[in-house]
Amino acid sequence: MAANSSYAVVISRAEAHYEGHTSVVNCLKCTYHADDKFRPYGVPFRLNDEKDRFIFLNSFLREQKIKEGTVIKTFSGCNFSKNTGFQLEVSEIIRHLKFNDNEGVVVFRGIANAFPKATIQEKGIIQNDRPHPFHHYALISVLSAITQDGRIIVLTSLGEQVNLSNRSVTCYKKNIETVEVPIRQPVSGEDVGDVILIALGSKPTKEGYYIGVCEGILLSASSSDEDNPSPISEPECYKIDSKPKGLCLLINNMTFKEENLNRHDAIYDEERLHNLFAGKLDFEVRAVNDLDNCQMQAICTEFGGKDHRQYDAFVCIIMSHGTCGDKIKGVNGRTIGTVFQQCIDDLMSEFNIERCLSLANKPKLFLVQACRGLAEDRFLCPTDKSQDIVDFTVSDSTLSRSICPQESDFLLAFSTVPGYVSYRRPNFGSFFMQAVADVFEKDHDKDHVLDMLMKVNREVSTASNQVPAIHSTLRFKVYL
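Residues numbered from 1 in each chain as written. Predicted model: local features only at pLDDT ≥ 70, side-chain atom pairs only at ≥ 80, totals over all residues. Heavy atoms only, no water.

Labelled according to an unreviewed UniProt entry, the protein chain appears under the name Caspase-3, originating from Acropora cervicornis.

Would you explain the packing of helix H10 (residues 431–443) against helix H11 (residues 449–463) in this entry?
For any two helices packed against each other, one specifies the crossing angle of their axes together with the interaxial distance. In the contact formed by H10 and H11, the axes pass within 9 Å of each other and the chain directions differ by 135°. On the basis of the axis angle, H10 is oblique to H11. Of the two elements, H10 crosses H11, and the hand of that crossing is right-handed. Residues Phe431, Phe432, Ala435, Val436, Asp438, Val439, Phe440 and Asp443 of H10 form the contact with H11, whose participating residues are Val449, Met452, Leu453, Lys455, Val456, Glu459, Val460 and Ala463. For the contact of H10 with H11, the residue count by class is 12 nonpolar, no polar and four charged. (Axes fitted to C-alpha atoms, helices over the stretch in contact; angles between N-to-C directions. Helix = DSSP H or I, 4+ residues; strand = E, 2+ residues; numbered from the N terminus. Parallel < 35°, antiparallel > 145°, perpendicular 65-115°, else oblique. Left-handed = near helix turned anticlockwise from the far one by under 90°. Contact = heavy atoms within 4.5 Å. Nonpolar A, V, L, I, M, F, W, Y, C, P; charged D, E, K, R; others polar.)

Can you help me understand the environment of leucine 359 in this one?
If you trace the backbone, leucine 359 turns up in the loop between helix H8 (343–348) and strand E23 (364–369). Under the relative-accessibility criterion, leucine 359 is labelled buried at 0%. Sequence-wise, leucine 359 and lysine 306 are 53 residues apart; in three dimensions their C-alpha atoms are separated by 9.6 Å. Here leucine 359 is in contact with His308, Ala313, Phe314, Phe351 and Lys364, once residues within four sequence places are set aside. (Buried < 20%, exposed > 50% of the residue type's maximum accessible area, 1.4 Å probe, protein only.)

I keep staring at the packing of aromatic side chains and nothing clicks. Help me out?
One pass over the structure, following the stated rule, counts 14 aromatic pairs. Judged by centre distance (6.0 Å) and plane angle (25°), the rings of phenylalanine 366 and phenylalanine 410 are stacked. On the criterion of sequence distance, the pair formed by phenylalanine 366 in strand E23 and phenylalanine 410 in strand E25 (residues 410–414) is long-range, its members being 44 residues apart. Residue class for phenylalanine 366 comes out buried when judged on its relative accessible area of 2%. (Phe/Tyr/Trp six-rings, centres within 6.5 Å; stacked < 30°, edge-to-face > 60°.)

It is not clear to me how helix H6 (residues 266–280) should be interpreted in this structure. Could you clarify?
Since one α-helical turn is 3.6 residues long, residues separated by three or four positions face the same way. The terminal C-alpha atoms of H6, which comprises 15 residues, lie 21 Å apart, in line with the 21 Å expected from a rise of 1.5 Å per residue. Taken together, the buried positions of H6 are Ala266, Asp269, Glu270, Leu273, Leu276 and Phe277. Seen from one end, H6 has its buried residues packed into an arc of 140°, which puts them on one side. H6 presents Asn275 and Lys280 as exposed residues on the side facing more than 90 degrees away from its buried surface. In this fold, the buried residues of H6 make contact with strand E18 (246–252), strand E19 (284–289), strand E20 (313–319), strand E27 (429–430) and H10. Where H6 ends, the next residue or the one after it, aspartate 282, has phi of about 60°, a positive value. (Expected span 1.5 Å × (residues − 1). Arc of directions from axis to C-beta.)

Written out as structure tokens, the structure reads:
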């Protein structure tokens, strides 16, 4: 091959009109080196056929054996000439992704960098720039992405939330329900992570605007090419190095409308947990007391609506009375949720990826001190062990009944198993929360959260007649 030939590598194929018969093809330019290696560089472009049309018949692409990673020969800069027979591994392309570096493939941290004159609208990107934008296509670094009803919503590395028409992944684009797209997180300030290909279109609208559409997502090799696994290994732990690490919402209901339900000894739990999370664990803690059912829902909605981009985790601690069905009582005696919608699921949903995109791919920890049976949260004398101890490994917690794909990265720890009471002791607090404080204070710098909660289970079951219950959809270890 001559070194002065024009080459490109295909980085995405996307159905052109969703009918499944035609596709658009996006590429990166390549340089050819004497060691028979192609190196991609620059910004993406849309491939045209020999007649300068950008829509290809899928039968033609199959015939020409054109897929992601295929190196092709081009003429006039962007027109298809022939398949060279060379194939680049997706991992090889990814190694050339760099932030604003002309020696590799240019990746931008966000829309503001890629298209400085564009504005992010409710459903798209618009640029009113005559005669045309500086460039039409760009790869944008993303932290998270969800698809819903033919659209994709991404959070860029600049913290921009963009809602775009989705032409990227066939199995996602027609899904009415919200689906989380697996995204490889950057492991350093220079690592671009996973990127999304965005275009402003080659022709303006009648009004002179260029409308942005999602052309494709370039994922890591492990998810894009099963035969060529990514050289970037999956992390074992969540990234938790921000200062503070995250927000901690602490709800403690002590004074109830019915005085016989008062649980004033819970102040001992609140003080220890506040000192633990605000002190040694370096969280920004907000403690609130004596909320009714509507106020509990409202404050969770408030925290779910906050911008968590500067944080790496979220913690919610709830201490109150509970009933069967995992409903938590407010101080007015009413519970959150209905017969058809459970309380904990209702509160946790405020922090899922659909409602709180800035917490996507970050651990969300919920610790709940409440009964899960007909009996109320009550006192236990140190010598009272009349009830049988039960196995904490159960399958009927609220989370396990309601779990769905967009609810990954959650941990729910209940003070007791379903159907059983949860105990407090006079002038002491609850067995569960005191054990959490004991173990986390001692072991947070050496053990991850799930290991610490197993120790909490042993400590609580030894001291009382209850055993906490844990349900987790965490994908990595959480070190606080």
